[in-house]
Amino acid sequence: MMNEFIIPLADDIYFIRGERNGKLPFSNSLLVKDYLIDTGVSRKHLRRLQKEFQVNNVLFSHWHEDHCRDSSLLGDADFSCHPLDKEVIMDSKKFVDYYAIENTPSEPFFKKYLYEIIKIQDTLVNQVFKDEDILKIGYSHRLKVIHSPGHTAGHCCFYETDSKIAFLADIDLSSFGPWYGGLDSNLLQFEESIGNLLKLDIDIAITGHNGMIEGRKHVKESLNKYKLIIDRREKKILQCIPEKKPINLNDLTHKNIIYHSYNDVFSEYLHVAEKIMLQKHFEKFLKNGIVKKAEKGYILC
Ligand SMILES: [Zn+2]
C-alpha cells in the first residue's frame, strides 16, 4: 500500500510531502521515476520512500539545510546541484558564513540547530546542472532546470515538460513571502526569477513548504500574490524613512517590517535575517535612485 505522504501526480511522478507538512525544519520533494528533488522530507519518510522506490539520482534545489538534510540515507545515489550552491552543500561548515550568524547572539543556538539537531553533514556532489539543462529521465520524462536565483545564488526550480508539473522549491508561495536573508541572496534576481516562472504554463506547482497548487490560473495568481509581498515590504520601509534625516539598518530592525513576530525559537536569528533582507531592499533603492548614501546610513533622494 502506498504511504499517505507519497501522492501520485502523473505516470512515475509523485509529490512527496515532507514531515510536518513540509514545514521547517523539513521540506517537500518531487520524485520523477528514480530522480528525487531534495532530501528534506525527514529520515522517516526517506526510509519509507526507499522501501517503495529506487532512488538513483538526487537533485538539490539549493543548499539550505531543510532541503539537503539526511542526504546520507541515500548515499548510493548520484547527487547534483547548481554550481553556485555546490561549495556549501559539500562543506557544511560554510553554513555559518552564508547565514552570517558568526559573532551574533544567534550563533550558539543556530549552530546547535544545524550541527546537533538537524545534524547537517557534507554531501558529495558528483554532478552539476545549469539553467535550461534538460534531464532525460526514462523514455518519457524531460525535467528542465530553471535556474531561479534570489533565495540562494544557485537556487533552481524544475519543470517536467510533458505533464507541466513544476517543483518551485523555496519560491514557496507562502503567505510570509520571499525570503532573501542569506549572504548569497539577491532581491532583484528573486523578482526576476518569479517573473520567469510566470511565463511558464504550470499545471501543478509543488512548493518546498506549502504543499501543491493546481491549475494554471491559480499558480499564476499565487506567484503574483507572492511577488506583491516584496512591494508591500518596500512601501513599509519607505514609510519609515524620515524626510531629510538619514536612517540606518539598525533603526529599522525590530520593527516587524519583514517578520510579523519575533516570538520564535529562532528569535535572535530572525533579527539577523531581517537586517540582511532590509539591506537588500536598500541596495535596490540605491540602484533605482530612491535613496542615496549619507554619512550615517541612507537618505531619501
Ligand atoms: Zn531555502
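The text that follows walks through the structure, step by step, so that each part is easy to find. Note that the structure is a prediction, hence the values are computed from the model and not measured. (Residues numbered from 1 in each chain as written. Predicted model: local features only at pLDDT ≥ 70, side-chain atom pairs only at ≥ 80, totals over all residues. Heavy atoms only, no water.)

### A closer look at the sheet that holds strand β9 (residues 141-147)
So, step 1. Pairing is mixed across the open sheet formed by 6 strands, whose spatial order is β8-β9-β10-β11-β12-β13. The sheet terminates laterally at β8 (134-137) and β13 (212-214), the two strands that pair on one side only. If you compare each strand with its neighbour and ignore which way they point, the axes differ by 20° on average.
So, step 2. Against the sheet, helix α7 (residues 216-240) engages β11 (165-169), β12 (204-207) and β13, with an angle of about 125° to β13. (Pairing = 2+ DSSP bridges. Helix = DSSP H or I, 4+ residues; strand = E, 2+ residues; numbered from the N terminus. Axes fitted to C-alpha atoms, helices over the stretch in contact; angles between N-to-C directions. Contact = heavy atoms within 4.5 Å.)

### Some words on the environment of I165
So, step 1. Along the chain, I165 turns up in strand β11.
So, step 2. In this structure, the C-alpha to C-alpha distance between I165 and S71, residues 94 residues apart in sequence, is 24 Å.
So, step 3. What I165 contacts, discounting residues up to four positions off in sequence, is L9, A10, I13, L30, F158, Y159, E160, I204 and I206.

### Some remarks on the coordination of the zinc ion
So, step 1. Here the zinc ion is held by H62 (NE2), H64 (ND1), H151 (NE2) and D170 (OD), and the distances to it run 2.1 to 2.2 Å.
So, step 2. In this structure, the zinc ion is coordinated by 4 donor atoms arranged in irregular fashion, with angles at the metal of 89 to 171°.
So, step 3. Every donor residue of the zinc ion comes from the same chain, spaced as H-x1-H-x86-H-x18-D. (Donors = N, O, S within 2.8 Å, 3.2 Å for Na, K, Ca; no water. Tetrahedral: all angles 85-135°; square planar, octahedral: opposite > 155°, others 65-115°.)

### Considering the packing of α7 against helix α9 (residues 267-287)
So, step 1. With their axes 11 Å apart at the nearest point, α7 and α9 run at an angle of 85° to one another. With respect to α9, the axis of α7 lies roughly perpendicular. Together, I230, R233, E234, I237 and L238 of α7 and M277, L278, H281, F282, K284 and F285 of α9 make up the contact between the two elements. (Parallel < 35°, antiparallel > 145°, perpendicular 65-115°, else oblique.)

### Here we look at the side chain of S29
So, step 1. Relative to the helices and strands, S29 resides in strand β3 (residues 29-32).
So, step 2. Residue classification places S29 among the buried positions, given a relative accessible area of 0%.
So, step 3. Engagement of the side chain of S29 in a polar contact is seen with the backbone oxygen of I37, the distance being 3.0 Å.
So, step 4. Polar contacts involving the side chain of S29 include one to the main-chain carbonyl oxygen of D38, which spans 2.7 Å.
So, step 5. Apart from the residues lying within four places of it in its own chain, the contact partners of S29 are Y14, F15, I16, L36, I37, D38, T39, G40, V41, F167 and I206. (Buried < 20%, exposed > 50% of the residue type's maximum accessible area, 1.4 Å probe, protein only. Polar contact = N/O pair within 3.5 Å; in protein donor to acceptor, adjacent residues only side chain to side chain.)

### Overview of the pairing of strand β6 (residues 78-81)
Each regular strand displays side chains that alternate between the two surfaces of the sheet.
So, step 1. Sheet topology places strand β5 (residues 57-59) next to β6; 3 bridges connect them, and they run parallel. Residue pairing across strands places N57 opposite D78, the latter belonging to β6.
So, step 2. In this sheet, strand β7 (residues 127-128) lies alongside β6 in parallel orientation, the contact comprising 2 bridges. What sits directly across from S80, in β7, is Q127.

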